[in-house]
Amino acid sequence: MKKNNGIGILAVCGLFTIILILPTMIVVPFTNSGGTEEVKETPQTEEVASVEDSPFAVKVLRSTTKEVEEVPLESYVARVVASEMPVNFEMEALKAQALAARTYITRHLVQGEKVSSEADVTDTVSHQVYKDEDQLRSQWKDNYEENMKKITEAVNATKGEIITYDQQPITAAFFSTSNGYTENAGDYWEHDIPYLQSVESPWDQESPKFVDQKIITVAELEQALGVSIGAGIQQTTMTKTEGNRVDEVHFGDQSFSGREIREKIGLPSSDFAIKQKGDHVIFTTKGYGHGVGMSQYGANGMAKSGKDYKEIIHHYYQDTEIAPLSTQTASLTIEKEDTVN
């Protein structure tokens, strides 16, 4: 980012402001009372954020067009929330998701690797799912205005806030549904993280993804893992993590982590039980996702019970603080972009 882009940004800001104050539509219906015309304005849905509301923009590589879309931070956050969490969730849960999304992208811009010289992140689960306005309109149809208004409220309520640990933006991991507990980061990833430790999450039982089953043949299991079941699944042993997910599975003299089994078999969670019936193997799972960080259905359950977004954040991200997105953090981000460019 060149320092002489400030004039261009101000121009864009001015144009954006002018666009915002224009009415979306003026309706002039015909009447039968002496030709009187009544002018009505259709209220315009408040935009999530304008350029001047955001300390920096996010450059998103679109997976379908391969083009890079430059989006003001708060607009990016709103569209990530709209893409990552069901809009019918409680307001406090949506606020917590907004905070997690803003924190994730801030940390990535400051400490992470850019996708390319032109793009910061993708629009996929490799980073955060991002859908643009056209995609969201297509998804929500007539409910777009109402849904986006709700998302906007959640984002604006947390505007400029991020989650920090030791004054640094955290790895704001989140997932859909727990098995009743979140997972220690070190039990799923290579390194432990002090604020991503296992906590109870009993609210997840309301999730439609709480329990699931997948049935495959013994031959498919052997091929996926490169093992021979031999005497049958009853000879298999496993150990569990603190979060009650599978730590290791032992097939004879071969061992696999719960994460390996989940990924090789395509299971929704690494909390699973294995049962053999004839030449088929039944995996019964609890939860959906890696289990580290904030459970989205857990957050929604907490919100339903009367907890606000700050209580949700402090429950799932232990010993963290909610802090303003400082000028220093923004400067670090801009400095890094200048270095790359």
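- An unreviewed UniProt entry annotates the chain as Stage II sporulation protein D of Halobacillus litoralis.

### Thoughts on the side chain of Asp-132
Here is step 1: Structurally, Asp-132 is set in the loop between strand E5 (121–122) and helix H4 (133–140).
Here is step 2: Polar contacts involving the side chain of Asp-132 include one to the side chain of Arg-62, which spans 3.0 Å.
Here is step 3: Separated by 3.2 Å, the side chain of Asp-132 and the backbone nitrogen of Asp-134 make a polar contact.
Here is step 4: For Asp-132, the contacting residues outside a window of four places in its chain are Arg-62, Glu-69 and Arg-79.

### Concerning the pairing of strand E10 (residues 237–240)
Here is step 1: The pairing of E10 with strand E11 (residues 246–251) spans 4 bridges and is classified as antiparallel. Its bridge partner being in E11, Lys-240 is matched across the sheet by Val-246.
Here is step 2: Linkage of E10 to E11, two consecutive antiparallel strands, is achieved through a turn of 5 residues, within which Asn-244 is found at a positive phi near 65 degrees.

### A look at the packing of helix H2 (residues 73–84) against helix H3 (residues 91–111)
Here is step 1: Contact geometry for H2 and H3: axes closest at 9 Å, N-to-C directions at 125 degrees. The angle between H2 and H3 places the two elements in the oblique class. H2 and H3 meet at a crossing whose hand is right-handed. Contact with H2, carried on its side by Leu-73, Glu-74, Tyr-76, Val-77, Val-80, Val-81 and Glu-84, involves Leu-94, Gln-97, Ala-98, Ala-101, Arg-102 and Ile-105 of H3 and no other residues of that element.
Here is step 2: Split into classes, the residues belonging to the contact of H2 with H3 amount to 9 nonpolar, 1 polar and 3 charged.

### A short note on the environment of Asn-244
Here is step 1: The topology assignment puts Asn-244 in the loop between E10 and E11.
Here is step 2: Taking C-alpha positions, Asn-244 is 9.5 Å from Ser-198, a pair spaced 46 residues apart along the chain.
Here is step 3: Those residues within four positions of Asn-244 in sequence are excluded, and the remaining contacts are Asn-179 and Asp-271.

### Section: a negative patch on the surface
Here is step 1: On the surface, a cluster of negative charge is contributed by Asp-187, Asp-192, Glu-242, Asp-247, Glu-248 and Glu-260.
Here is step 2: For Asp-187, a relative accessible area of 34% puts it in the partly exposed group.

### Re the packing of aromatic side chains
Here is step 1: This structure, assessed with the given rule, holds 6 aromatic pairs.
Here is step 2: Consider the rings of Phe-89 and Tyr-297, whose centres lie 5.0 Å apart with planes at 75 degrees: the pair is edge-to-face. Of the two residues, Phe-89 is situated in the loop between H2 and H3 and Tyr-297 in helix H9 (residues 296–304); the sequence distance between them amounts to 208 residues.
Here is step 3: Centroid distance Phe-251 to Phe-256: 6.1 Å. Interplanar angle 70 degrees. Geometry classified as edge-to-face. Comparing Phe-251 with Phe-256, the two get one shared label, buried.
Here is step 4: The positively charged end of Lys-209 is found above the aromatic ring belonging to Tyr-288, 4.4 Å away from the centroid.

### Structural notes on the pairing of E11
Here is step 1: Pairing of E11 with strand E12 (residues 254–257), which is carried by 4 bridges, proceeds in the antiparallel orientation. Looking at E12, one finds that Val-249 is bridged to Phe-256.
Here is step 2: In textbook terms, the turn of a hairpin is the stretch between consecutive antiparallel strands, and for E11 and E12 this stretch comprises 2 residues, one of which, Gly-252, has a positive phi near 65 degrees.

### Description of the pattern of salt bridges
Here is step 1: As enumerated under the stated definition, the model contains 12 salt bridges in all.
Here is step 2: Through salt bridges that share partners, Arg-62, Glu-69, Arg-79, Asp-123 and Asp-132 make up one connected network.

### Here's the deal with the sheet that holds strand E7 (residues 168–169)
Here is step 1: Here we have 3 strands laid out as an open sheet, ordered E7-E6-E16, and antiparallel in their pairing. Because the sheet does not close on itself, it has two edges, and the strands there are E7 and strand E16 (321–324).
Here is step 2: Bridge analysis of strand E6 (residues 161–165) against E16 gives 4 bridges, and the strand direction is antiparallel. Across the sheet, the residue bridging to Glu-161 is Pro-324, located in E16.
Here is step 3: The strands touched by H3 within the sheet are E6, E7 and E16, with E6 carrying the most contacts at an inclination of about 65 degrees.

### Here's the deal with the environment of Val-68
Here is step 1: Locating Val-68 in the fold gives a position in strand E4 (residues 68–72).
Here is step 2: Linking Val-68 and Val-58, residues 10 residues apart in sequence, is a C-alpha distance of 9.7 Å.
Here is step 3: Setting aside residues no more than four positions away along its own chain, Val-68 makes contact with Lys-59, Val-60, Leu-61, Glu-118 and Ala-119.

### Side note on the packing of H2 against helix H5 (residues 144–157)
Here is step 1: Where H2 contacts H5, the axes come no closer than 9 Å and their chain directions differ by 125 degrees. When the interaxial angle is binned, H2 and H5 end up oblique. The two elements H2 and H5 meet at a crossing, and its hand is right-handed. Between H2, through Glu-74, Val-77, Ala-78, Val-81 and Ala-82, and H5, the contact on the second element is made entirely by Met-148, Ile-151 and Val-155.
Here is step 2: Among the residues forming the contact of H2 with H5, the class breakdown is 7 nonpolar, no polar and 1 charged.

### Here we look at the confidence of the model for the chain
Here is step 1: Of all residues in the chain, 79% have pLDDT values of 70 or greater, and the mean over the chain is 84.
Here is step 2: Long-range and interchain partners of residues 1–46, a stretch whose pLDDT sits below 50, account for 39 contacts in this model, where long-range means more than four residues apart.

Rules and cut-offs
Residues numbered from 1 in each chain as written. Predicted model: local features only at pLDDT ≥ 70, side-chain atom pairs only at ≥ 80, totals over all residues. Heavy atoms only, no water. Helix = DSSP H or I, 4+ residues; strand = E, 2+ residues; numbered from the N terminus. Polar contact = N/O pair within 3.5 Å; in protein donor to acceptor, adjacent residues only side chain to side chain. Contact = heavy atoms within 4.5 Å. Pairing = 2+ DSSP bridges. Axes fitted to C-alpha atoms, helices over the stretch in contact; angles between N-to-C directions. Parallel < 35°, antiparallel > 145°, perpendicular 65-115°, else oblique. Left-handed = near helix turned anticlockwise from the far one by under 90°. Nonpolar A, V, L, I, M, F, W, Y, C, P; charged D, E, K, R; others polar. Patch = residues over 30% accessible without salt bridge, like charges linked within 9 Å, V, L, I, M, F, W, Y side chains within 5 Å. Areas by Shrake-Rupley, 256 points an atom, 1.4 Å probe, with all protein chains shown as cover. Salt bridge = Lys/Arg side-chain N within 4 Å of Asp/Glu carboxyl O. Lys, Arg positive; Asp, Glu negative; His and termini not counted. Charge placed at Lys NZ, Arg CZ, Asp CG, Glu CD. Buried < 20%, exposed > 50% of the residue type's maximum accessible area, 1.4 Å probe, protein only. Phe/Tyr/Trp six-rings, centres within 6.5 Å; stacked < 30°, edge-to-face > 60°. Lys NZ or Arg CZ within 6 Å of the ring centre and 35° of its normal. pLDDT = per-residue confidence, 0-100.

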